[in-house]
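Coordinate inspection notes
Here is how the chains run, residue by residue.
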Amino acid sequence: MAQRRLTDFFARRRPGGSATLPRAKPAWRTPSPAKSAPCAAAPGPGSSRKRTRPPAEPTRDERVPPARKRLKLSADAVSGPSSPAARGSPEHPSPQSKETKKAARSAGGRPCLAAQENKVPSKVTLSELKSCLQRAQELGARFQELKASAQKDAGEPSAPEDEGRLEEPCGEQMPAYQRFHALAQPGLPGLVLPYKYQVLAEMFRSMDTIVGMLYNRSETVTFAKVKQGVQDMMRKRFEERNVGQIKTVYPGSYHFRQERFVPTFKDGIKRSDYQLTIEPLLDQQAGSAAPQLTASRLLQRRQVFSQNLVARVREHHRAFLASLNPPMEVPEDQLTRWHPRFNVDGVPDIEPAELPQPPAVEKLTTAQEVLARARSLMSPRMEKALSDLAQRTAEPSSPRSPSLAQPATPPATPPAAPPSALKGVSQALLERIRAKEAQKQLAQMTRRPEQEQRLQRLERLPELARVLRGVFVSERKPALTMEVACARMVGSYRAAMSPGEMEKHLQLLSELLPDWLSLHRIRTDTYVKLDKAADLAGVMEQLAHLARAEETL
């Protein structure tokens, strides 16, 4: 290609017959020997010895493709568009173009048949995509039906029900620190209140403090004053709903009334408006002056409120124990902790009690109300006619009022069928396992705090025995003082523990295994003596067995 362009350049600069020929942009095509022979046979009179290239046919605004695209073009693409035959030149018609025209005419005037044939695969692909999408939608709908039927058969609550159970009345889901508040309590497990109950107890304490301050000053206590004071103390919202909950838990705490003409010293509240007033109910002794809400009475009322909250949680716990399989029953005076599977923070919220509402004052705001008031000015005859007309118009439009049916008691749910994993296991064995588990849980719920501390110490004794023997081996002494032994063990034990707590562990160890560890009181010091020849593995196994036996009691 480059050689041809250089040849054209020199032929154009050289004078002669070839210079007079019109020069056009060369068309890139494959040279044909049949066409070049006649053109080379008649050189011009002033031409040189070199043969000049025949002038290229003028093209119709064709752009020369770049070198890379030029190399990628096929032979048909190179020769077809540039040759005169491909353009349908009348001077050099090729037989191939004639055959193409005849084929197009015979096809019914459809020269773009090849282009339509190329579009068929795209239509097939689009139809396949539509069918795949429809199939996926059908499978998704089928999956949702199977999931709903499986949940219905298993008797499990659906997702919206679970969300509604864990949501507040306002519709927002409770945060995790409220849902699992009972699990994060420090110290030994006990009768822990739910988070919302503890917040309500704190609200009662703040409310009682504000009411006591105002009541002792002989000032009328209104809800607006109490609300502002409680919100300043707790940094939480305090509303009439919380006051209704307090009344539900402790009905004998306050007396509520709606009163008018209470001095408020505020622009937003008029003296003629009704306000909710609060008065504490106190026991007044005969012959004494007006009682005061002292600190001792505040503490007593707070204790009563907390006991009422615990009693409410006990009722829900009792219902939970009755729903177990087998049912459990724990005496109230022996209950020291909740059942391990009892969701303390999932206890339903307290329903607020009704508070006194301001009396409805009738106000005429529309013309219809004015006309209704003016009925008393009408004659009895006209009033009777109007009432008859109202009854005739109301009878056909209003259907019969359905009788209020009593809510039917829910049918007793049959016992749940055993899961598929327990198929083939005898029912008697399952009953014995459930009874043993219920007995173990009953022992946990009735365990005293002292027994809980003793069990925790028994669980630590096997590892403490190994640490104690290592201390005696490293010290190379037959006996050690209690202070030295406790200090060495505190530094070697994995958990942080005070020397006094470590001494209690050593005393318990000497009580359980007096032959292996003995304590000797000499003057003002206590010495610890250990039997190094005893088998440590046997000692640790014996301590673990004692801990398991103590736990099952």
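This section reports on the structure supplied with the text. Note that this is a predicted model, so its numbers are computed, not measured.

**Things to note about the overall build of the chain**
A count of helices and strands for the chain gives 19 helices and 5 strands. Taken over 553 residues, the chain has a buried fraction of 23%. Across the chain, every contact between residues at least 6 apart in sequence was considered, and the portion connecting residues at least 24 apart equals 64%.

**Some remarks on the packing of helix H16 (residues 449–475) against helix H18 (residues 499–512)**
Between H16 and H18, whose axes approach to 9 Å, the crossing angle comes to 85 degrees. The orientation of H16 relative to H18 falls into the category roughly perpendicular. Touching Arg454, Arg457, Leu458, Arg460, Leu461, Leu464 and Leu468 of H16 are Glu501, Met502, Lys504, His505, Leu506, Leu508, Leu509 and Leu512, all from H18. For the contact of H16 with H18, the class distribution of residues is 9 nonpolar, 1 polar and 5 charged.

**Comments concerning the nonpolar core**
Grouped together as the largest cluster of nonpolar side chains are 45 residues, with contacts concentrated most on Met207, Val226, Phe238, Tyr254, Ile278, Phe305 and Leu309. Within the residue set of this core, elements represented by two or more residues are helix H9 (195–216), helix H10 (223–234), helix H11 (240–249), strand S1 (254–259), strand S2 (275–280), helix H12 (295–322) and helix H15 (427–445). The greatest single-element share of this core, amounting to 11 residues, is contributed by H9. Core analysis: the next-biggest nonpolar cluster, separate from the first, contains 29 residues, Leu461, Val528, Leu530 and Leu543 among them.

**Some details on the sheet that holds strand S3 (residues 479–481)**
Taken in spatial order, the 3 strands line up as S3-S5-S4 in an open sheet, and their pairing is antiparallel. Of all strands in the sheet, those bounded by a partner on one side alone are S3 and strand S4 (517–522). Taken pair by pair, the neighbouring strands of this sheet meet at an average axis angle of 30 degrees, ignoring direction. As paired elements, S4 and strand S5 (residues 525–530) share 6 bridges and run antiparallel to each other.

**A short note on the pattern of salt bridges**
Considering all chains together, one arrives at 21 salt bridges under this definition. Between Arg301 and Asp208 there is a salt bridge, and its shortest N-O distance comes to 2.9 Å. One end of the pair, Arg301, is in helix H12; the other, Asp208, is in helix H9, with 93 residues separating them in the sequence. You can call Asp208 buried: its relative accessible area is 2%. In this structure, Arg318 engages Glu332 in a salt bridge whose closest nitrogen and oxygen atoms are separated by 2.9 Å. Residue Arg318 is found in helix H12, and its partner Glu332 is found in the loop between H12 and helix H13 (367–373); the two are separated by 14 residues along the sequence. Through salt bridges with shared partners, a single ionic network connects Arg217, Glu219 and Lys225.

**Some words on the packing of H9 against H10**
Contact geometry for H9 and H10: axes closest at 9 Å, N-to-C directions at 125 degrees. By the criterion of interaxial angle, the relationship of H9 to H10 is oblique. Handedness of the H9/H10 crossing: right-handed. Seen from H9, the contacting residues are Val199, Glu202, Met203, Arg205, Ser206, Met207, Ile210, Val211 and Leu214; seen from H10, they are Lys225, Val226, Gly229, Val230, Met233 and Met234. Broken down by class, the residue content of the contact of H9 with H10 amounts to 10 nonpolar, 2 polar and 3 charged.

**Some details on the packing of aromatic side chains**
Under the defined criterion, the tally for this structure stands at 7 aromatic pairs. An angle of 55 degrees between the planes, with centres 6.0 Å apart, marks the rings of Trp338 and Phe342 as tilted. Here Trp338 and Phe342 have matching classes, each one buried. Ring-pair connections join several aromatic residues into one group, and the members of that group are Phe204, Tyr250, Tyr254, Phe256 and Phe305. Positioned above the aromatic ring of Tyr254, the side-chain terminus of Arg301 is 5.1 Å from the ring centre.

**Let's talk about the side chain of Arg457**
Along the chain, the position of Arg457 falls in helix H16. Excluding residues within four positions of it along the chain, Arg457 makes contact with Glu501, Lys504, His505 and Leu508.

Calculation criteria
Residues numbered from 1 in each chain as written. Predicted model: local features only at pLDDT ≥ 70, side-chain atom pairs only at ≥ 80, totals over all residues. Heavy atoms only, no water. Helix = DSSP H or I, 4+ residues; strand = E, 2+ residues; numbered from the N terminus. Buried < 20%, exposed > 50% of the residue type's maximum accessible area, 1.4 Å probe, protein only. Contact = heavy atoms within 4.5 Å. Axes fitted to C-alpha atoms, helices over the stretch in contact; angles between N-to-C directions. Parallel < 35°, antiparallel > 145°, perpendicular 65-115°, else oblique. Nonpolar A, V, L, I, M, F, W, Y, C, P; charged D, E, K, R; others polar. Core = buried A, V, L, I, M, F, W, Y, C linked by side-chain atoms within 4.5 Å. Pairing = 2+ DSSP bridges. Salt bridge = Lys/Arg side-chain N within 4 Å of Asp/Glu carboxyl O. Left-handed = near helix turned anticlockwise from the far one by under 90°. Phe/Tyr/Trp six-rings, centres within 6.5 Å; stacked < 30°, edge-to-face > 60°. Lys NZ or Arg CZ within 6 Å of the ring centre and 35° of its normal.

Any link to function would need more than the numbers given here.
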